[in-house]
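Observations on the three-dimensional arrangement
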Amino acid sequence: MRLDRFGETIAHVDLAARTWKMKPAPEEWVRKYVGARGLGVRYVLENGAGVDPLSPENVLCFLNGPLSGSEANMSGRWACVTKSPLTGTVTDSHQGGWTAARLRWAGFDGLIFEGAAQTPTYVLVQDGQLSFHDASDVWGLGIHETVRILKERHGGKDVSVNAIGPAGEKLSRFAAWVNEDDRAFGRGGTGAVGGVKKLKAIVIVAGHRKSEVSDPEAWKQVRRETLDMIRDEANITSPKKGGLSVYGTNVITNITNRIGALGTRNSQSTSFGERAEAISGETVVETILTGNPTCHACPVACKKEVEVKDGPWKGLKMESVEYEPAWSLGSNCENDDLGSIAKLIDQCNDLGLDPIELGNVLSAYMEATERGWVKGEGLAWGDAEGMVRMTDALALREGDGDLLAEGAARAAAGLGHPEIAMAVKGQAVPAYDPRGMKGMGLGYATSNRGACHLRGYVAAAELGVVPIEADPLEWKGKGALLKTFQDLHAFGDSMDLCKFSAFAEGADEYAKQYAVALGRAVSADEVMLAGERVYNLERYYNNLAGFGSGSDTLPDRFLEEPSDAGGSKGHVCELGPMLDEYYAERGWEEGVVPEAKLAQLQIP
Amino acid sequence: MPLHVKVYATLRPVVGGRSVELPLEEGATVRDLVDCMVARWPELEVMMIEDGEVSRRVHVFVDGRSARHLPDGAETVLLEGQEIAVSPAVAGG
């Protein structure tokens, strides 16, 4: 498995004709856009920005990066890139687990699906070959059952199954692909694109293959160096010692709650008070933790496997109670029942839904219920059993669930009150209230895939875990800070390394790994430039798709209603001046990439 | 004044609970709080003190604001009635 030949084995799959052809990615694209996220965006651009995302003409790209499946630390990632049915922007999402590695070991760098199958179909990828199979018997089934059946059918060992659930089949605009039961391509509605294509699953069978590089000693050395950084006790990634490793992502709930950045009751409040403790990572570990599973080539093991100990969902075993769903389905819905949060996350994993959007659409529906805008019973704050029932109805598009399956922005508009959707460009916000973490607010507004915390994780600076430290309540300087994070992550997502690698590594380490793996010397500056190019490519696509001046904004609630609790009390998010700073740093004109910038970055 | 302090994340197994009572005197500062905790649980020194100063690996939150971002920093005087919490610097997803 030669890492320097990345990009040569991309399968273009015509689902209508049931044919496929291996075509190398253009060398220029691989050089400029690296792989995974960046390369995927280039393919999506090539398909045209005007395509209807819920039509067979949309292209669905599953792509590895040059490091996916290698021995590089935290490299068990691949990307799904398409035009989003939720936002109309280009979107990319990333899964951990073992699927990316198995795809590489099976002899593929990526799978690009075009057209739509006539009948439910799944593909099998094995030994450099791809075959088409009837999925009628698993169509309509949940992901857990689909994974079980297909794994058993294809040998059980060394098998990864990436599947959509009923939500994707019913074209929910926030349907997700989920692999190995619980690692999702969340956000953006990639699962609905699979539903349109009648593509139920991708089954990959492959045993381990070792990487080949031109300088094995340098490869060993760079991996040792990065492993030492990840293990360093000063870093939160330190196995079994750092906060991220011990408690998982949910380690921050108590902190964001304290500083006034944990949205509550559809962001009507900025703190869940003393009730936050019940949904925190500390409580998960102290009460329901059963294991610490990990992904390919990752020593951190941030995933938390749990078993619910009491209540209606007693006995449920699942992973993983992350920070985002603990917020979206917890404080955001005024729900402090940890067992129900585990149940709702597991429903997302089984039905194929994005839990961030689910929590937001439910909280908007709850607010509408409270204000008397829902005909019928509606849903009360904190009604955990009602949330579970509504999630099933949503996935099957039954009753009000049909409207809610459209996502928070469309659902709130359908209820006649678009202002209660906490969304940007049609995608709901994640778990950092922009009034308490202002750089994150700027990040939501300028994210190229709709509101997102992962395009530029400024939280690392605002929470003080990286050397560049920033006051979460200060808006000045956040434009430049965010650009740095966005560009670094755009490169990391294109490699494809776990986002959390950036808690221990930086552009220097990314450059070293890239150089040794691909045999092409690059500097840290070139890494940042490549990230900037990917970010601008996405923005260029979105500009062509109709996003321009005024698209980079936040819900009025964050701009006009002051925080009511925690350290941010009295604050709003000063988006306007931050945007001015940011556009100046980017060289954009009101959110549009000018021709000169495109030429400078050699886009497309 | 006995000060009630909430503790988070990897500090909890060390102090053995979700909060602690610290016997601080009137006029005690954030730095005094950190010193008091290190004196009581010496294994916290590696996390809480760096080059003789309060480490950037730890936050002392005073009414929800990290002392690092308050005008007086580690010299911020703690007052009765304030909500105090101590946490290692952490981030998630």
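Further up the page is the structure itself.
Here is what the cut-offs are and how they apply
- Every chain is numbered independently, its residues counted from 1 as its sequence is written.
- The lettering of chains begins at A and the numbering of ligands begins at 1, in the order of writing.
- Given that the model is predicted, a residue must reach a pLDDT of at least 70 before its local features are reported, and side-chain atom pairs must reach 80 or more before they are shown or counted; all residues, however, enter totals for whole chains, interfaces and linings.
- Values shown for side chains rest on all heavy atoms present in the structure; no hydrogens or waters enter the calculation.
- Put simply, the grid is 1 Å and covers the protein atoms alone, a cavity is a trapped set of points that fit a 1.4 Å probe, a pocket is an open set with protein on both sides within 12 Å along at least five of seven lines, and lining residues have an atom within 4 Å of a point.
- Grid points are joined across faces, edges and corners, and a volume is the space filled by probe spheres set on the points.
- In this classification, the charged set is Asp, Glu, Lys and Arg, the nonpolar set is Ala, Val, Leu, Ile, Met, Phe, Trp, Tyr, Cys and Pro, and all remaining amino acids, among them Gly, are polar.
- Nonpolar side chains (Val, Leu, Ile, Met, Phe, Trp, Tyr) within 5 Å and like charges within 9 Å form the patches, drawn only from residues with over 30% relative accessible area and no salt bridge.
- Residue burial considers only the protein chains on display, and all accessible areas are found by Shrake-Rupley using a 1.4 Å probe.
- Salt bridges are identified by distance alone: a Lys or Arg side-chain nitrogen within 4 Å of an Asp or Glu carboxyl oxygen.
- Charged residues are defined narrowly, with Lys and Arg counted positive, Asp and Glu counted negative, and His plus the chain ends left uncounted.
- Positions of charges follow a simple convention, taking NZ of Lys, CZ of Arg, CG of Asp or CD of Glu.
- In this text, helices come from DSSP runs of H or I with a minimum length of four residues, and strands from runs of E with a minimum of two, each type numbered from the N-terminal end.
- Throughout, a contact is declared for two residues whenever any of their heavy atoms are within 4.5 Å.
- Buried area is a sum: the accessible area each of two parts loses on coming together, probed at 1.4 Å, counted once for each and added.
- Polar contacts, as used here, are pairs of N or O atoms within 3.5 Å; protein pairs need one atom able to donate a hydrogen and one able to accept it. Residues neighboring in sequence count only if both atoms are side-chain atoms.

1. Looking at empty space enclosed by the protein
- This model, assessed by the stated rule, comprises four cavities of 30 Å³ or more.
- Of the pockets and cavities examined, the largest cavity occupies roughly 880 Å³.
- As for the largest cavity, its lining consists of 48 residues, and the residues nearest its centre are Arg 77, His 94, Ala 184, Lys 303 and Glu 322 of chain A.
- Split by residue class, the lining of the largest cavity holds 20 nonpolar, 14 polar and 14 charged.
- Lining the second largest cavity are 13 residues, with Ile 259, Glu 462 and Pro 472 of chain A together with Phe 61 and Ser 66 of chain B sitting closest to its centre.

2. Section: a negative patch on the surface
- A surface patch of like charges, here negative, comprises Glu 25, Asp 32, Glu 50, Asp 51, Glu 53, Asp 72 and Glu 75 of chain B.
- In this structure, Asp 32 of chain B sits in helix α2 (residues 30-40).

3. A short note on the interface of chain A and chain B
- In this complex, chain A contributes 40 residues to the contact, which on the side of chain B involves 25 residues.
- Between chain A and chain B the total buried area reaches about 2600 Å² when both faces are included, carbon and sulfur atoms providing 52% of it.
- When the buried surface of chain A facing chain B is broken down by residue, Ile 255, Arg 258 and Glu 469 of chain A rank first, second and third, together holding 24% of it.
- Connecting chain A to chain B are nine salt bridges.
- Between Arg 258 of chain A and Glu 83 of chain B there is a salt bridge whose closest N-O contact spans 2.8 Å.
- Where chain A touches chain B, the interface holds 15 residue pairs in polar contact (both at pLDDT 80 or more).
- Contributions of two or more residues to the side of chain A that touches chain B are made by α8 (243-247), α9 (253-259), α10 (281-287) and α11 (323-328) of chain A.

Purely geometric numbers; function is a separate question.
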